[in-house]
Amino acid sequence: MNNRIITYLFILFSFALAIPLKAQQVRLNTASAKYATTLKPEDQKKIILSIEKFILDYAEAATLIDPKKRRVTSESIKKFQNFFNPRARVIKDYEEFSQNISTGVRDYSDQIFNRMLREGLKVKIMEAKLIEIKYDLEGYWLAYIEVEKAFYNAATEGQEVKNMPGGEFRKQLIQLDIRASDFERIKIASIKCIGCDVEIVDNYVRFMGPSIGLHSGSYNPSLSAYWNNMHSAGTFNTSGGLGFSLGVDFLTNGFLSKGSAKKNLFLTAGVRYSLYSVSTEVSDFALSPFPAIATRGMVELDYMRSAREIEFTEDLTVSLLEVPLGIAYRLTNKNKSSFFLGLQLIPSFVLSGSGNIDGQGTYDADIAQAMWRLWEKGATNSMQVDEPTQFGPFEAGDPASIDETANPSTAGFALSARISPTYYFHLAEEESSWSILVGLDLNFHLGSFFSHDDADSDILKFADDYDSSFLQHYTDGMSGISYGLRIGLHHRFDRRP
């Protein structure tokens, strides 16, 4: 008998405890409310009843707990989100420390799902006070409700759930949009914090890790005076080819004052190995006749040599060790992502340069003693042009193939500036976690990779008369712009000041 009594009393006691946790009875206090003059008394009563019912329903959904599954589910999230306008902004009241920072409803519910899955947000509306009802010209009544909420748990920065048995009381201002034509259609437009205008200072954050990139660009060589005077009839076009980079990036705001509310300014640094490609296309290049000597055995024969209709492509590559140094400003900072805009100055050490030239041209010989040109129609047996004992020493051809290896002299040091919008997607929210980097780089090359000759004489007088590079020889400088995509995996360390 005693066991039955004890069991009965235990059931009654459990039931008594469950009632206040399950049901919330909130009366809307309207004693000092202000009303729009156009609001009719009978409509005023109807709106107040609708608001009171809406607040009760919202209070139940605000925990985001599915009562059947006893955890946060996609169904309970949808139910919660249905209380809000699509563009509604709400306070992050699930966090341990109150901040005057708002977020979207989807992000809010995602955070509770990710961080408070099994418990949901233990919250209860203790009081609700109607402040004012105004009319909006778009056909809505705007109601402002001051509520006091008691929070019995919170998400900590360490991704844990902290229980608060005594409850922490916070005041909030809720704006409701009520359809003027249907008082039952109510949505929350915003939830703001009352009394937490002082923001908690930002954390120190450090990003560090490897990244790879692909880039291309356009380059603007400065043609030498010799080219402009002697070869202005030719065309000289330079463009950028596909290149790549590999390196390590580093960002930190750890240099800022501990008390800075917003720590959005970051110092950036890094080391990168980069390979750039420069392609030059030349056509209609010609050389005026000039004296030359052909040697056949012991015999030397003077002749006038000419070159015309020369066209080719020269592809050069240059490798650099870059040291990007600069700053980045954090434009957005969310739980799952951050967006930066960076500005860097990049001193670079030019390590090496290489390339090749591929094309053709007509090389001819005007032999005064014979009173004919080698490629004059009918003057020469074409089968004998390349014979060493015949006309081979004249090194002529129509066309003659140009296929040589470039060996450009590099500048040793180069300087460029970079603008980089960079997006970080955070794989987790712990203080030590990883983030995926996706960045766009716009580089302004302030000087050339090469040591330009600014020459006063010609090359390619013969098909193999080619030592450094055509681009280097006929220019006295070069600037350019390159643009690329950079991706990486960075370690993120987030700590409180």
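Computed from a predicted structure; not experimentally measured.

Description of the packing of aromatic side chains
Here the structure, examined in full by the defined rule, presents 26 aromatic pairs. Note on Y58 and F84: the rings are 6.3 Å apart at their centroids and 80° apart in plane angle, and the pair reads as edge-to-face. Of this pair, Y58 sits in helix α2 (residues 41-61) while F84 is found in strand β3 (residues 84-91), placing the two residues 26 residues apart along the sequence. As far as burial versus exposure is concerned, Y58 and F84 are alike and both buried. Between W227 and F470, the ring centres sit 6.0 Å apart and the planes meet at 85°, which makes this aromatic pair edge-to-face. Taken together, the residues span a long stretch of sequence, with W227 in helix α5 (residues 225-230) and F470 in helix α6 (residues 470-473) at a distance of 243 residues. As far as the burial class goes, W227 and F470 line up, both buried. The rings of F54, Y58, F80, F83, F84, Y94 and Y108 are connected pair by pair, giving a single aromatic cluster. Directly above the aromatic system of Y204 lies the positively charged group of K263, at a separation of 5.2 Å from the ring centroid. We note K461 situated over the ring of F290; from NZ or CZ to the ring centre the distance is 5.3 Å.

Overview of the nonpolar core
Core analysis: the biggest nonpolar cluster contains 51 residues, and I51, Y58, F84, I145, L176, I178 and I188 have the highest contact counts within it. Only α2, α3 (74-81), β3, α4 (105-115), β5 (123-136), β6 (140-155), β7 (161-179) and β8 (186-194) provide two or more residues apiece to this core. At eight residues, α2 tops the list of elements feeding residues into this core. Membership of the second largest hydrophobic core comes to 42 residues, among which are V318, I357, L471 and M478.

Quick notes on the pattern of salt bridges
One side chain can pair with another of opposite charge once the charged atoms of both are near each other. Applying the stated criterion across every chain, the model contains 15 salt bridges. When salt bridges that share partners are traced, they join D249, R272, D441 and R486 into one network.

Structural notes on the environment of L287
Here L287 lies in strand β12 (residues 265-296). In sequence terms L287 and F54 are 233 residues apart; their C-alpha atoms lie 89 Å from each other. L287 has contacts with H231, S306, A307, D458, I459, L460 and K461, leaving out every residue within four places of it along the chain.

Comments concerning a negative patch on the surface
On the surface, a cluster of negative charge is made up of E281, D315, D358 and D403. Its place among the elements puts E281 in strand β12. Judged by its relative accessible area of 47%, E281 is partly exposed.

Considering α3
Every buried residue belonging to α3 is among S76, I77 and F80, and all of these are buried. Take α3 and look down its axis: the buried residues cluster within an arc of 105°, on one side only. Where α3 is buried, its residues contact α2, β3 and α4.

Examining the pairing of β3
Relative to β8, β3 runs parallel, the two being bridged by two bridges. If you follow F84 over to β8, its bridge partner there is I188. Two strands pair when backbone bridges link them, and β3 and strand β4 (residues 102-104) are joined in this way by three bridges, in the antiparallel orientation. Looking across to β4, one finds that I91 is bridged to S102.

Section: the pairing of strand β14 (residues 325-333)
Strand direction decides the pairing type here: β12 and β14, joined by five bridges, are antiparallel. Bridge pairing in β14 links L265 to Y329. Counted between consecutive antiparallel strands, the loop separating β14 from strand β15 (residues 337-367) contains three residues.

Thresholds applied
- Along each chain, the written sequence defines residue order, and numbers are assigned to residues from 1.
- Local features in this predicted model are restricted to residues whose pLDDT is 70 or higher, and side-chain atom pairs enter the listing and the counts only when it is 80 or higher, whereas totals over whole chains, interfaces and linings include all residues.
- Hydrogens are left out, water is left out, and the side-chain values use all remaining heavy atoms of the structure.
- Stacked, edge-to-face and tilted are the three classes for Phe, Tyr and Trp ring pairs, Trp counted by its six-membered ring, which pair at centre distances within 6.5 Å; planes under 30 degrees apart are stacked, over 60 edge-to-face, the rest tilted.
- A run of H or I in DSSP counts as a helix once it spans at least four residues, and a run of E counts as a strand once it spans at least two, with each numbered from the N terminus.
- Buried means the residue's accessible area, taken with a 1.4 Å probe over protein chains only, is under 20% of the maximum for its type, while exposed means over 50%, and partly exposed covers the values in between.
- Counted as over-ring charges are cases with an Arg CZ or a Lys NZ within 6 Å of the ring centre that also lie within 35 degrees of the ring normal.
- For our purposes a nonpolar core is just a set of buried Ala, Val, Leu, Ile, Met, Phe, Trp, Tyr and Cys residues, chained together by side-chain atoms within 4.5 Å.
- In what follows, salt bridge is the name for a side-chain nitrogen of Lys or Arg lying within 4 Å of a carboxyl oxygen of Asp or Glu.
- Note on contacts: a residue pair qualifies if any of its non-hydrogen atoms lie within 4.5 Å across the two residues.
- Like charges within 9 Å and nonpolar side chains (Val, Leu, Ile, Met, Phe, Trp, Tyr) within 5 Å are joined into patches, using only residues over 30% in relative accessible area that form no salt bridge.
- Every accessible area reported is derived by Shrake-Rupley at a probe size of 1.4 Å, with residue values counting cover from the shown protein chains alone.
- Positive charges are assigned to Lys and Arg, negative charges to Asp and Glu, while His and the chain termini are left out of the count.
- Charge positions are represented by NZ for Lys, CZ for Arg, CG for Asp and CD for Glu.
- Taken from the helix axis, the directions to the C-beta atoms give the arc we talk about.
- One bridge is not enough; two strands pair if DSSP finds at least two bridges between them.

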